[in-house]
Amino acid sequence: QIVNLKIYHHYMPISLEEKRNNDLRLSANFLKTDYKSLVDELPAAVYTCDMNGYLTSYNKAATILWGQHPTIGGALWSGSLKLYNPSGLPLLHSESPISKCLKLRKPIDGSEVVIERADGRRLNVLVHPKPLYDDSGEMIGAMNVLVDITHVKKDQAEIFENQRYYKMVEEVEN
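None of the values given here were measured: they were computed from a predicted structure.

Caption draft 1: Structural detail: the packing of aromatic side chains. Enumeration over the complete set of coordinates arrives at 2 aromatic pairs. Between tyrosine 58 and tryptophan 66, the aromatic rings sit 5.5 Å apart at their centres with planes inclined by 70°, giving edge-to-face as the arrangement. By relative accessible area, tyrosine 58 is classed as buried at 16%. Feature note: the residues Tyr47, Tyr58 and Trp66 constitute an aromatic cluster, connected by ring pairs. Over the ring of tyrosine 84 we find arginine 122; its NZ or CZ atom is 3.6 Å from the centre of that ring.

Caption draft 2: Local environment of the environment of glycine 53. With respect to the helices and strands, the residue glycine 53 is situated in the loop between strand S3 (45–50) and strand S4 (55–58). Separated by 45 residues in the primary sequence, glycine 53 and isoleucine 98 have C-alpha atoms spaced 8.1 Å apart.

Caption draft 3: Fine view of unusual backbone geometry. With a phi close to 70°, tryptophan 77 is a non-glycine residue in the positive phi region. Structurally, tryptophan 77 can be placed in the loop between helix H2 (60–66) and strand S5 (82–84). We classify tryptophan 77 as buried; its relative accessible area is 13%.

Calculation criteria
Residues numbered from 1 in each chain as written. Predicted model: local features only at pLDDT ≥ 70, side-chain atom pairs only at ≥ 80, totals over all residues. Heavy atoms only, no water. Phe/Tyr/Trp six-rings, centres within 6.5 Å; stacked < 30°, edge-to-face > 60°. Buried < 20%, exposed > 50% of the residue type's maximum accessible area, 1.4 Å probe, protein only. Lys NZ or Arg CZ within 6 Å of the ring centre and 35° of its normal. Helix = DSSP H or I, 4+ residues; strand = E, 2+ residues; numbered from the N terminus.

Structure, rendered in structure tokens:
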């Protein structure tokens, strides 16, 4: 089957297969050139580090989560001010999940950490660091996706407190 391809206000007859191949090429070129803006608009915080742990990129959601715009090539491991484990004990950035990902050269999926923002607020986040490779298969760094679960943790704490309260009331009534 022959279709018409419009090129600079002129139509050129091409096969349907050629049109599909052309559409795929255009789609691939769009993804290559617009990948940064696609990642930048994601609602989840995403950032990348080189093999030494220096930030190489981050999206808008990461700046909102961190409460700041860290310096590319200057900040190490993350844009958060401080890190803590889920029980509240300090966690060195050099022992963070993304650091472990780089050292072990494998994904560290679904770990929970508490980040401290520049304004002092603490947020519970799930982190998903994964290694990044170049075209030759050489590991060049890692990317991390952070999901804010602070509201879930607050809801869980509230449910726990309500259960404790009603258990106490029940015990008093008996």
